[in-house]
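Inside the fold
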Amino acid sequence: MRYQHRRFFHQSALALALAGAAAPAPAAFFQLLENNASGLGNAFAGGAAIAEDASTMWYNPAGMTRLKGQQLVVAGHYIDPSFKASVNSASTAAVLGGSNISGGGGEAGESAFVPNLYYTRPITSDFSIGAGINAPFGLATEYDSTWAGRYYALRSEIKTVNLNFAGAYKLSDVVSLGAGINYQKLDSELTQAVDFATICNAAGQSATCGGAAGFNPNTNPLDGRASVIADGTAWGYNLGLLTHFRNDMRMGMAFRSRIEHSLSGSFGVTRPVTGSATANGAVAAVANGLGLVNSGAEADVTLPATLSISAYTPLGSRWAVMADVTRTYWSLLPELRIQFDSTQADSVVTLNLKDVYRYSVGATHKTSGAWMFRGGIALDESPVASESDATPRLPDGDRLWFSAGAGLQMSPTLSFDFGYVYIKVDDPKIRKTAGGPGSENFVRGNLSVDYTGSVHVVSAQARWIF
């Protein structure tokens, strides 16, 4: 039996590691909170204090000292977002004529499945270890190739796989401590259209580039396409403290460090093809002169640290209430800067993210039978500081969570948990200004977009004790 469990864990771990996760994040910006299904029903209130299954090794490793026997938890989450873009206006830079950019809005959301897996084991009565695989960050948005903001974003994808190994020690009946190390892999793909008509115009080559094809800025645009594909790995750590009081009241504190990724990969660009050899040659000359050629690319990305403080209080034998406050240090990511091996200037997206809080409260009711029911609400602040700093790659606003869930104890060694959350996103707004030559958005243009956003998440989880 032990061999079968070990083989199942190894096979499941490999499958989850290969799967990764790419989904418009239900938490603020591109953070994924869906790292177990039992906590989803409470909107993850009390996450650092509940310590009811093996997933505690992620939320607070100190909680592993509460678990009896070996535990294996496997969870999956279906995330179904909707981000509908309504374009108010889009135009080229004023110094280039301020021509309207064609195209409308559309739906940017993309559904995805996100898995997690955790294993914990007590070594002695006071010391426990655990391992987990999950996806703490993820992003996937994609627009139609003709939408008006195509020079800012087409497809945006970030996939992470995080391996967490942790240990916990029970200092006394009151205090437990935990610590872990994290090895994380990040894969990214960013694509956008390239307005070669405007580039030729800015280079003073509009007439030559146009030729017989009538290749004029935004009156008959012929777009190119650019993509950056990069990946990298990095290390981090996490710490936890769990305190026990009378009547099983608990308070927990958990800290996860920043993870600094140095990504490397490739930049690819395709140029439009006109009906004129002269125009094609002129476009190529302009592109080569600006370094808009296939090359290597790299970027430094810092994923934020988090600090959580949680409380869990039983109210009699059947009810319990819990709460959580989490601070996420998004200011560690002020911009996304991509550097190229060619002579092309750095591609910069200013983010100006701010540190934010997430507040959640929840309740649990145990029936006299095998069922447990959960509920919770949460307010998740957006780190986007202003409409001018918002990016179409991830429309973001403050998020309000409404969660419900249930647990079913099938036997002393097997239980299931289910959760659902509806997330209402405050209507994001994006107001981009092209600026003058050399500015960040000079070639991308002016863009004004209003969004309506919401997310549905359905989760399920199985727990084995052996």
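Residue numbers restart at each chain and count upward from 1, following the sequence in its written direction. With the structure being a predicted model, the display of local features is reserved for residues of pLDDT at least 70 and the display and counting of side-chain atom pairs for 80 or more, all residues being used for whole-chain, interface and lining totals. As a rule here, side-chain values come from all non-hydrogen atoms in the structure, and water together with hydrogens is ignored.

**Notes on the overall build of the protein chain**
The numbering of helices and of strands both runs from the N terminus, where a helix is a DSSP run of H or I of at least 4 residues and a strand a run of E of at least 2. Along the protein chain, the regular secondary structure elements total 5 helices and 21 strands. Relative to the compact-globule value of 23 Å for 466 residues, the protein chain shows a C-alpha radius of gyration of 25 Å, a close match. Three exposure classes are used, based on accessible area relative to the maximum for each residue type with a 1.4 Å probe and protein chains only: buried under 20%, partly exposed in between, and exposed over 50%. Out of the 466 residues in the protein chain, the part that is buried amounts to 54%. Pairs of residues are marked as contacts when any of their non-hydrogen atoms sit within 4.5 Å. Across the protein chain, every contact between residues at least 6 apart in sequence was considered, and the portion connecting residues at least 24 apart equals 74%. Residues scored as charged are limited to Lys and Arg (positive) and Asp and Glu (negative), so that His and the chain ends carry no count. In plain terms, the charge of a residue is placed at NZ if it is Lys, CZ if Arg, CG if Asp and CD if Glu. In the protein chain, 33 side chains carry a positive charge and 36 a negative one; their mean positions are 9 Å apart. Radius of gyration here uses only the C-alpha atoms, and the compact-globule reference equals 2.2 Å multiplied by the residue count raised to the power 0.38.

**Considering the packing of aromatic side chains**
Planes of paired rings set the category: under 30 degrees apart is stacked, over 60 is edge-to-face and the rest tilted, where pairs are Phe, Tyr or Trp rings (Trp by its six-membered ring) whose centres lie within 6.5 Å. Per the stated rule, a full pass over the model turns up 14 aromatic pairs. Where Phe29 meets Trp330, the ring centres are 5.3 Å apart and the plane angle is 75°; that geometry is what we call edge-to-face. Here Trp330 lies in the loop between strand E13 (319-328) and strand E14 (335-340) and Phe29 lies in the loop between helix H1 (2-19) and helix H2 (56-59), a separation of 301 residues in the sequence. Aromatic ring contacts, followed pair by pair, group Phe29, Phe30, Phe137 and Trp330 into a single cluster. Two limits define a charge over a ring: the Lys NZ or Arg CZ must be within 6 Å of the ring centre, and within 35 degrees of the ring normal. The ring of Trp58 is capped by Arg256, whose NZ or CZ atom sits 3.5 Å from the centre of that ring. Seen from the ring of Trp401, Arg358 lies directly overhead, with NZ or CZ sitting 4.4 Å from the centre.

**Observations concerning the side chain of Thr198**
Mapping Thr198 onto the fold places it in helix H3 (residues 196-202). As used in this structure description, the phrase polar contact means that two N or O atoms lie within 3.5 Å; if the pair is within protein, one of them must be able to donate a hydrogen and the other to accept it, and residues adjacent in sequence are counted only when both atoms belong to side chains. Polar contacts involving the side chain of Thr198 include one to the side chain of Asp195, which spans 2.6 Å.

**Considering the pattern of salt bridges**
Just to be clear on terms, a salt bridge is a Lys or Arg side-chain nitrogen sitting within 4 Å of an Asp or Glu carboxyl oxygen. Inspection of the entire model under this criterion finds 20 salt bridges. Two residues, Arg155 and Glu110, come together in a salt bridge whose shortest N-O distance is 2.7 Å. Pair noted here: Arg155 is in strand E6 (residues 155-170) and Glu110 is in the loop between strand E2 (106-107) and strand E3 (112-122), with a separation of 45 residues, a long-range link. The salt bridge partner of Arg431 is Asp450, with a shortest N-O separation of 2.8 Å. Of this pair, Arg431 sits in strand E20 (residues 429-432) while Asp450 is found in strand E21 (residues 446-465), placing the two residues 19 residues apart along the sequence.

**Describing helix H5 (residues 277-290)**
For H5, spanning 14 residues, the distance from its first C-alpha to its last is 20 Å, which sits close to the expected 20 Å at 1.5 Å a residue. Ala279, Ala282, Val283, Ala284, Val286 and Ala287 are the residues of H5 that are buried. Phi turns positive, to about 80°, at Gly291, one or two residues after H5. Take the residue count of a helix, subtract one, and multiply by 1.5 Å to get its expected span.

**Overview of a nonpolar patch on the surface**
Patch membership requires over 30% relative accessible area and the absence of a salt bridge. Like charges are linked within 9 Å, and nonpolar side chains (Val, Leu, Ile, Met, Phe, Trp, Tyr) within 5 Å. Where accessible areas are quoted, they stem from the Shrake-Rupley method and a 1.4 Å probe; at the residue level, only the protein chains shown are allowed to cover. Together, Val325, Tyr357, Tyr359, Val361, Ile377, Leu379, Leu400 and Phe402 make up an exposed nonpolar region whose accessible area comes to about 630 Å². Looking at the nonpolar patch, the elements with two or more residues in it are strand E16 (356-366), strand E17 (371-380) and strand E18 (399-411). When residues in the nonpolar patch are grouped by element, the largest group, 3 residues, is from E16. Of note, Phe402 is situated in strand E18.

**Observations concerning the pairing of E14**
The pairing of strand E11 (residues 295-303) with E14 spans 3 bridges and is antiparallel. Its bridge partner being in E14, Ala297 is matched across the sheet by Phe340. Two strands pair under a simple rule: DSSP has to find at least two bridges between them. As defined by bridge partners, E14 adjoins strand E15 (residues 347-350) across 4 bridges and the pair is classed as antiparallel. If you follow Arg337 over to E15, its bridge partner there is Val348. Hairpin geometry of E14 and E15 is characterised by an intervening segment of 6 residues between the two adjacent antiparallel strands.

**Focus: the nonpolar core**
What tends to happen in soluble globular proteins is that the nonpolar side chains get buried as a cluster. With 60 residues, the main nonpolar core has Phe29, Phe30, Trp147, Trp330, Trp401 and Tyr451 as its most contacted residues. Broken down by secondary-structure element, the contributors of at least two residues to this core are H2, strand E1 (71-91), E3, E6, strand E7 (175-194), E11, strand E19 (414-425) and E21. Other than its neighbours up to four places away in sequence, Tyr451 contacts Phe83, Lys84, Ala85, Tyr143, Trp147, Pro392, Pro395, Asp427, Pro428 and Ile430. To form a nonpolar core, buried Ala, Val, Leu, Ile, Met, Phe, Trp, Tyr and Cys residues must be joined to one another through side-chain atoms within 4.5 Å. The next biggest cluster of nonpolar side chains, apart from the first, holds 19 residues, and it includes Cys200, Cys209, Ala282 and Val283.

**Here we look at the pairing of E1**
By the bridge criterion, 9 bridges tie E1 to E3 in an arrangement that is antiparallel. Across the sheet, the residue bridging to Gly76 is Pro115, located in E3. Across 2 bridges, the pairing between E1 and E2 is antiparallel. Counted as the bridge partner of Lys84 is Glu107 from E2.

**Description of the environment of Thr364**
Structurally, the position occupied by Thr364 is in strand E16. Owing to a relative accessible area of 8%, Thr364 belongs among the buried residues under this scheme. The spatial distance from the C-alpha of Thr364 to the C-alpha of Thr270 is 55 Å, given a sequence separation of 94 residues. At a separation of 3.5 Å, a polar atom in the side chain of Thr364 contacts the side chain of Asn42.

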